[in-house]
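The chain contents come next:
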Amino acid sequence: MLCGFCPLRVWAVSTDASTATPLRRLLPLIVPSVVVGVAAALVLLGVSLLADRFKDVLWETLPDAVGVGRYSVLWMVVMLTATGIAVGLVVWKVPGHAGPDPATTGLVDAPLPPRVLPGLLVATVLTLAGGVSLGPENPITAVNVALAYWLGTRVIPGSAVGLWVGLAVAGTIGALFGTPVAAALIFSEVLAGQPAPGPLWDRLLPPLLAGGTGALTMALLEHPSFDLALPAYAGPHWGDLLSALVVASLAAAIGMTAVCALPYVHDAFSRLRHPMVALPLGGLVLGLLGALGGPLTLFKGLDEVKTLAANPEGWSAGRFALMFAVKLAALVVATSCGFRGGRIFPSVFAGVALGLCAHALVPQVNPTLAVVCAVLGVLLAVTRQGWISLFTAAVLVAQPAVLPVLVLASVPAWLIVTGRPQMQLRADGSSIR
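Residues numbered from 1 in each chain as written. Predicted model: local features only at pLDDT ≥ 70, side-chain atom pairs only at ≥ 80, totals over all residues. Heavy atoms only, no water.

Overview of the overall build of the protein
For clarity, the threshold we go by: Each helix corresponds to a stretch of at least 4 residues labelled H or I by DSSP, and each strand to a stretch of at least 2 residues labelled E; elements are numbered beginning at the N terminus. Partly exposed describes any residue whose relative accessible area lies between the buried limit of under 20% and the exposed limit of over 50%, with all areas from a 1.4 Å probe on protein chains only and scaled to the type maximum. By the convention used here, residues are in contact when the closest approach between their heavy atoms is within 4.5 Å. Per-residue accessibility takes into account occlusion by the displayed protein chains alone, with areas from the Shrake-Rupley method and a 1.4 Å probe. For this count, His and the chain ends are skipped, Lys and Arg are scored as positive, and Asp and Glu as negative. Charge positions come from single atoms, namely NZ of Lys, CZ of Arg, CG of Asp or CD of Glu.
A tally of helices and strands in the protein yields 15 helices and 0 strands. The principal-axis extent of the C-alpha atoms belonging to the protein is close to 65 × 60 × 40 Å. Counting over 433 residues, the protein shows a buried share of 57%. A separation of at least 24 residues holds for 78% of the contacts in the protein among residues at least 6 apart in sequence. A total accessible area of about 16800 Å² is found for the protein, and carbon and sulfur atoms account for 70% of it. Across the protein, the mean location of the 22 positive side-chain charges is 9 Å away from that of the 18 negative side-chain charges.

Here it is, written out as structure tokens:
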């Protein structure tokens with residue numbers, strides 16, 4: 001899911017850069033890397049703040065004004081359906097139609113034309129504010145890639161497509177996760193097998209700098225934190241290894257059911273043939289799912305997952321299982337019917353719910369270990385990206401003691417998902433392997 005289009009090969013500003021010294025190759029990239037990293041973070045922050053303010057209006061001001069419970073069943077169904085209508089209007093009428101079908105896009109795709117970006121941004125804000133179970137990562141990355149490419153190639157004529165795409169992706173990932181480490185890990189995987197002059201670190205330096213400035217900008221302005229403040233994990237025991245292997249494998253296997261369901265659900269919505277039918281209907285289904293799973297299963301899940309993790313004993317195993325199933329189903333429906341958004345953050349919520357369910361069923365299973373292993377398994381199934389999955393699971397607890405067990409748990413989980421359909425479709429609706 002990382003890359004439907006992956007030109008992350010050439011960091012050169014000019015065509016003769018291969019004959020230049022490393023210093024001459026890298027120095028011209030310093031300023032563009034910093035500028036793109038800061039700009040990527042500002043775009044993400046601006047969209048997030050706007051969506052949060054609009055969310056307060058939709059879910060607090062409006063229901064109070066009309067005398068309806070803020071998260072009552074009636075309001076959830078009405079609001080999700082209304083969000084579907086609003087996004088449907090954008091997809092139908094706004095130039096560019098808010099970009100391509102989100103079920104066919106990955107985290108990184110070819111730069112979009114500038115005329116697509118306003119509609120995509122509006123649809124993203126509506127999706128985030130309206131309670132849809134999608135995150136900001138895919139559309140924000142697409143916007144940042146398009147802006148960096150279309151502006152950068154005009155400021156520096158002759159610069160490579162890969163330069164601007166790579167810097168924008170790294171800056172956005174750094175801003176999303178609050179650290180450049182995630183960007184560095186992903187790019188080390190992408191670049192390791194690609195021939196280019198100089199050592200790998202030379203090629204990693206520009207995206208690492210963009211990721212670092214993006215992360216620093218976000219940290220200075222917003223202070224994001226992924227730490228769920230789960231109980232401390234003292235260290236591995238033999239029983240922990242068994243439970244980690246079982247939880248991660250089970251999470252990956254169940255996550256694959258959602259992946260395999262995507263083409264069928266997508267085909268059902270595609271038969272409706274019009275966004276003003278598919279999106280309102282999808283919103284209605286999401287509202288009903290929210291009524292079933294409760295308010296915590298709405299939205300992208302990043303704030304809601306902290307509420308879930310703050311009280312691991314606060315719900316029964318059945319309730320955790322229900323929230324997991326509802327969130328995973330909502331992710332499939334939202335992706336299939338045309339809402340614009342990403343799949344990482346909702347998958348994290350689903351993984352946390354499943355991990356806490358495992359702890360509730362078998363109290364001897366450490367809740368912290370269960371959560372990180374379940375998140376790892378779900379993310380491996382949904383994203384098919386090992387580094388993103390490992391890194392995201394690890395930062396949720398910020399406890400180094402879980403890392404050895406987490407890495408071992410990734411082995412059977414990866415064997416379950418590798419070579420199987422991905423949670424991304426081709427333009428004709430068929431699965432990608």
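A short note on a negative patch on the surface
Our working rule: Note on patches: the residues involved have over 30% relative accessible area and no salt bridge, like charges join within 9 Å, and the nonpolar side chains Val, Leu, Ile, Met, Phe, Trp and Tyr join within 5 Å. Any carboxyl oxygen of Asp or Glu within 4 Å of a side-chain nitrogen of Lys or Arg constitutes a salt bridge here.
Together, Asp-52, Asp-56, Glu-60, Glu-222 and Asp-303 make up a region of like negative charge exposed at the surface. At 3 residues, helix H1 (residues 22-66) tops the list of elements feeding residues into the negative patch. Looking at the element boundaries, Asp-303 is found in helix H10 (residues 302-310). Residue Asp-303 is classed as partly exposed on the basis of its relative accessible area, which comes to 45%.

Some remarks on the pattern of salt bridges
Following the criterion strictly, the structure yields 3 salt bridges and no others. Between Asp-64 and Arg-70 there is a salt bridge, with its nearest N and O atoms 2.7 Å apart.

Some remarks on the nonpolar core
Stated precisely, the cut-off is as follows: What is meant by a nonpolar core is a set of buried Ala, Val, Leu, Ile, Met, Phe, Trp, Tyr and Cys residues, joined one to another through side-chain atoms within 4.5 Å.
Grouped together as the largest cluster of nonpolar side chains are 125 residues, with contacts concentrated most on Trp-59, Leu-286, Leu-308, Phe-339, Val-352 and Cys-373. Contact partners of Val-352, with chain neighbours within four places excluded, come to Leu-228, Val-305, Leu-308, Val-371, Val-375 and Leu-396. Grouped together as the second largest cluster of nonpolar side chains are 6 residues, Leu-112, Leu-117, Leu-120 and Ala-146 included.

Structural notes on helix H11 (residues 317-337)
For clarity, the cut-off: A helix is expected to span 1.5 Å for every residue after the first.
Look at H11: 30 Å from first C-alpha to last across 21 residues, which is about the 30 Å you get at 1.5 Å a residue. Across the 21 residues of H11, 15 count as buried, placing the element largely inside the fold. In the segment just after H11, Gly-338 is the residue with positive phi, at about 120 degrees.

Digging into the packing of H1 against helix H2 (residues 73-93)
Put simply, the rule reads: Here the axes come from fitting lines to C-alpha atoms, over the contacting stretch only for helices, and the angles between their N-to-C directions go from 0 to 180 degrees. Geometric relationships in this document are graded by angle, where less than 35 degrees denotes roughly parallel, more than 145 denotes roughly antiparallel, 65 to 115 denotes roughly perpendicular, and other angles denote oblique. Each helix crossing is assigned a hand: it is left-handed if the near helix lies turned anticlockwise from the far helix by less than a right angle, otherwise right-handed if that turn is clockwise. Under the convention adopted here, Pro, Cys and the residues Ala, Val, Leu, Ile, Met, Phe, Trp and Tyr are nonpolar, Asp, Glu, Lys and Arg are charged, and Gly plus all remaining residues are polar.
Interaxial distance between H1 and H2 falls to 12 Å at its minimum, and their mutual angle equals 120 degrees. When the axis of H1 is compared with that of H2, the two are oblique. Viewed along their axes, H1 and H2 form a crossing whose handedness is right-handed. In this structure, H1 uses Leu-58, Trp-59, Leu-62, Pro-63 and Val-66 to contact H2, whose residues at the interface are Trp-75, Met-76, Met-79 and Leu-80. Its residues assigned to classes, the contact of H1 with H2 comprises 9 nonpolar, no polar and no charged.

Describing unusual backbone geometry
Leaving glycine out, the prevailing phi sign among residues is negative, and the prevailing peptide bond configuration is trans. Phi is positive for Ala-229, close to 55 degrees, though the residue is something other than glycine. Checked against the element boundaries, Ala-229 lands in the loop between helix H7 (200-221) and helix H8 (238-270). For Ala-229, a relative accessible area of 64% gives the class exposed. Non-glycine residue Phe-299 carries a positive phi angle of around 65 degrees. Tracing the chain through its elements places Phe-299 in the loop between helix H9 (275-293) and H10. Looking at Phe-299, the relative accessible area reads 4%, which means it is buried.

What about the packing of aromatic side chains?
Note the cut-off: Two aromatic rings, drawn from Phe, Tyr or Trp (for Trp, its six-membered ring), form a pair once their centres lie within 6.5 Å of each other, and the interplanar angle then sorts them: stacked below 30 degrees, edge-to-face above 60, tilted otherwise. Criterion for a charge above a ring: Lys NZ or Arg CZ within 6 Å of the ring centre, and within 35 degrees of the ring normal.
A full pass over the atoms with the stated rule returns 7 aromatic pairs. Measuring from ring centre to ring centre gives 5.1 Å for Trp-59 and Tyr-71, while their planes differ by 10 degrees; the resulting arrangement is stacked. You can see Trp-59 sitting in helix H1 and its partner Tyr-71 sitting in the loop between H1 and H2, a full 12 residues away along the chain. On the basis of relative accessibility, which here comes to 0%, the residue Trp-59 falls in the buried class. Centre to centre, the rings of Trp-315 and Phe-320 are 5.8 Å apart; their planes meet at 65 degrees, and the pair counts as edge-to-face. Given a relative accessible area of 27%, Trp-315 falls into the partly exposed group. For Phe-320, a relative accessible area of 0% gives the class buried. Through a chain of ring-to-ring contacts, three or more aromatic side chains come together here, namely Phe-177, Phe-226, Phe-345 and Phe-391. The residue whose ring lies beneath Lys-327 is Phe-349, and the NZ or CZ to ring-centre distance is 5.2 Å.

Brief notes about the environment of Pro-263
Within the fold, Pro-263 resides in helix H8. Setting aside anything within four residues of it in sequence, one finds Pro-263 in contact with Leu-425, Gly-429 and Ser-431.

Looking at the side chain of Thr-127
Our working definition: Polar contact is defined as a pair of N or O atoms within 3.5 Å, subject to the rule that within protein one atom must be able to donate a hydrogen and the other to accept it, and that residues adjacent in sequence are counted only when both atoms are side-chain atoms.
Its place among the elements puts Thr-127 in helix H3 (residues 117-130). Note on Thr-127: relative accessible area 0%, which makes it buried. Among the polar contacts made by the side chain of Thr-127, one reaches the main-chain carbonyl oxygen of Ala-123 at a distance of 2.8 Å. The residues contacting Thr-127, other than those within four sequence positions of it, are Thr-83, Val-87, Val-132, Leu-134, Phe-339 and Arg-340.

Side note on the environment of Pro-363
Examined against the element boundaries, Pro-363 turns out to sit in the loop between helix H12 (344-361) and helix H13 (367-383). On the basis of relative accessible area, Pro-363 is assigned to the exposed category, the value being 54%. Pro-363 sits 100 residues away from Pro-263 along the chain, and the two C-alpha atoms are 37 Å apart.

A short note on a nonpolar patch on the surface
Residues Leu-23, Leu-27, Ile-30, Val-31, Val-34 and Val-35 make up a contiguous nonpolar surface patch of roughly 530 Å² in combined accessible area. Inspection of the secondary structure assignment puts Val-35 in helix H1.

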